[in-house]
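# Fold and contact review
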Amino acid sequence: MSAMTEYDEMTRTERVRAAVRGEEVDRIPVAFWHHFKPEGSGRRQAELTLGFFDEQFDLDICKVMPDIPYPFPRRSITDADGWRMLEPLDLARSPFVQQRLRTIEYLRDELGDDTPIVMTVFGPLTEALNFAADHETFFRHLREEPTAVHAALDVIAQNLGDAMALYLEAGADGVFFSLMGAMTEDQPGGLGEARYREFGRPYDLKALRRAGEGWLNILHVHGNGGLLMDTVIDYPVDVLSWSDRLTGLSLREVRAKTTKCLMGGWHEFGALSNGPAEAIRAEAEDAIAQTGGRKFILANGCSVPDDTPEEWLEAARDIADQLEVE
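Summarised in this report is the structure supplied together with it. (Residues numbered from 1 in each chain as written. Predicted model: local features only at pLDDT ≥ 70, side-chain atom pairs only at ≥ 80, totals over all residues. Heavy atoms only, no water.)

## Points about the overall build of the chain
Counting its secondary structure elements, the chain contains 14 helices and eight strands. Expected size for 326 residues packed as a compact globule is a radius of gyration near 20 Å; at 19 Å, the chain falls within 12% of this value. Each principal axis of the C-alpha distribution contributes one length, and for the chain these read about 60 × 40 × 35 Å. The 326 residues of the chain split such that 60% are buried. Taking all contacts inside the chain whose residues are at least 6 apart in sequence as the whole, residues at least 24 apart take part in 73%. (Helix = DSSP H or I, 4+ residues; strand = E, 2+ residues; numbered from the N terminus. Rg over C-alpha atoms; globule rule 2.2 N^0.38 Å. Buried < 20%, exposed > 50% of the residue type's maximum accessible area, 1.4 Å probe, protein only. Contact = heavy atoms within 4.5 Å.)

Encoded structure:
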């Protein structure tokens, strides 16, 4: 049990900051999330976000989901010339940026400084994978027209980096930087280490440099298996997130590799979204055992299904209040 008393209750920001630093917390910070449907409206996204993270579940991190997408048609690039259509964004006019800024500003006004806010951002390669007609097309272009893909990735990285700097200026405490493709080649969409080091890592780092003022930058390595964690573990972020239950890459294994704060513990398609409460508790307690409860944020590995019954999320939040840490 923490040495703190019931009278030492922390604010959400104090709790998460302490966890990131490896300091004592009054309880383990907790968060979970799913997608919303804001229909392109930053105000609507803010209201949905506030309702879910603050009013309904009292979560320690307010995570703005990537539900206002990058302004380029999904699955639209079929030939290599399509990559030359990527161009610098006019951030002052782009709804992609401006509506997200509106979300952050609304949330900060409502929440004050006692709740950390992070903006979810897909990495440059992730966005590029979304723009290609399919993965096969993207990989063909990597082989046949690498110069065109590199140029597009550079433009995307610049746009994302400039946008992230604005998010922090507007009141975000960091970004939730989500990567696809950082997987072995036997995984769907996996680039393998050599190609990720060429087409992923340089542009991730270019974008992330603009988020350097944040204190809660979270790297999410997306995938169902074969994660190239060693390729990205040294990124300049404060927290590492991945689907530890789904991928089989345990919290304990990654704790042995890094002193960064770890985020996870719950299987997003397991008990957290299907019950029972006893299994939700068991995963949480096991996660604490693996990490010692220090430098740890209890969370889902990735988004739970949007139709997850609220009873299981309510159970998870109640369980978080009951967990004991040595």
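Next comes the rest of the write-up.
## A look at the pattern of salt bridges
All chains considered together, the criterion is met by 22 salt bridges. Measuring nitrogen to oxygen at the nearest pair gives 2.7 Å for the salt bridge that ties Arg15 to Asp60. Of the two residues, Arg15 is situated in helix α1 (residues 12-21) and Asp60 in the loop between α2 (42-56) and β2 (62-64); the sequence distance between them amounts to 45 residues. Comparing Arg15 with Asp60, the two get one shared label, buried. One salt bridge connects Arg84 with Asp81, and the closest N-O pair in it is separated by 2.7 Å. Both residues of the pair, Arg84 and Asp81, belong to the exposed class. The network of salt bridges with shared partners includes Arg12, Arg15, Asp26, Arg27, Asp54, Asp58, Asp60, Arg317 and Asp321. (Salt bridge = Lys/Arg side-chain N within 4 Å of Asp/Glu carboxyl O.)

## Structural notes on the packing of helix α4 (residues 124-131) against helix α6 (residues 146-170)
Between α4 and α6, whose axes approach to 9 Å, the crossing angle comes to 120 degrees. Put simply, α4 runs oblique to α6. Both α4 and α6 take part in a crossing whose hand is right-handed. Listed contacts from α6 to Pro124, Leu125, Glu127, Ala128 and Phe131 of α4 are Leu153, Ile156, Ala157 and Leu160. When grouped by side-chain class, the residues that make up the contact of α4 with α6 number eight nonpolar, no polar and one charged. (Axes fitted to C-alpha atoms, helices over the stretch in contact; angles between N-to-C directions. Parallel < 35°, antiparallel > 145°, perpendicular 65-115°, else oblique. Left-handed = near helix turned anticlockwise from the far one by under 90°. Nonpolar A, V, L, I, M, F, W, Y, C, P; charged D, E, K, R; others polar.)

## Let's talk about the environment of Ala182
Looking at the element boundaries, Ala182 is found in the loop between β4 (174-179) and α7 (193-199). The class for Ala182 is buried, based on a relative accessible area of 0%. C-alpha separation for the pair Ala182 and Asp230, spaced 48 residues apart in sequence, amounts to 9.9 Å. With residues up to four places along the chain from it excluded, the contact list for Ala182 reads Tyr196, Val221, Gly226, Leu227 and Leu228.

## Regarding the state of the cysteines
Applying the stated criterion across every chain yields a total of zero disulfides. The thiol of Cys62 is not disulfide-bonded; the next cysteine sulfur, from Cys302, is found 17 Å away. Exposure remark for Cys302: the relative accessible area of 17% places this residue in the buried category. (Disulfide = S-S within 2.5 Å.)

## Focus: the packing of aromatic side chains
Under the definition given, this model contains 12 aromatic pairs. A centroid spacing of 5.1 Å and a plane angle of 70 degrees characterise the contact between Phe52 and Phe53, whose relative ring orientation is edge-to-face. A single burial state applies to Phe52 and to Phe53, both of which are buried. Connected via pairs of aromatic rings, a cluster forms that spans Phe32, Phe36, Phe52, Phe53, Phe57 and Trp266. Looking at Lys63, its charged tip hangs above the ring of Phe176, at a distance of 4.2 Å from the centre. One cation-aromatic arrangement involves Arg195 over Phe139; the distance from NZ or CZ to the ring centre is 4.7 Å. (Phe/Tyr/Trp six-rings, centres within 6.5 Å; stacked < 30°, edge-to-face > 60°. Lys NZ or Arg CZ within 6 Å of the ring centre and 35° of its normal.)

## Overview of the sheet that holds strand β6 (residues 239-242)
Pairing within the open sheet is parallel, and its eight strands lie in the order β1-β8-β7-β6-β5-β4-β3-β2. The open sheet has two edge strands, β1 (30-31) and β2, and neither has a second partner. Of the strands in this sheet, β2 and β3 (117-122) touch helix α3 (residues 95-111), which is tilted by about 160 degrees from β3. (Pairing = 2+ DSSP bridges.)

## Observations concerning unusual backbone geometry
At the junction of Gly275 and Pro276, the peptide bond is cis and its omega measures out at -5 degrees in the coordinates. The topology assignment puts Pro276 in the loop between α12 (271-274) and α13 (277-291). The backbone of Glu39 sits at a positive phi, close to 55 degrees, despite the residue not being glycine. With respect to the helices, strands and loops of the structure, Glu39 is situated in the loop between β1 and α2. The exposed category is assigned to Glu39, whose relative accessible area is 72%.

## What about the environment of Phe296?
With respect to the element layout, Phe296 can be found in strand β8 (residues 296-300). For Phe296 and Leu59, which are 237 residues apart along the polypeptide, the C-alpha to C-alpha distance reads 15 Å. Residues contacting Phe296, with those up to four places away along its chain left out, are Ala19, Ile28, Pro29, Leu251, Cys261, Leu262, Gly264, Ala287, Ile288 and Thr291.

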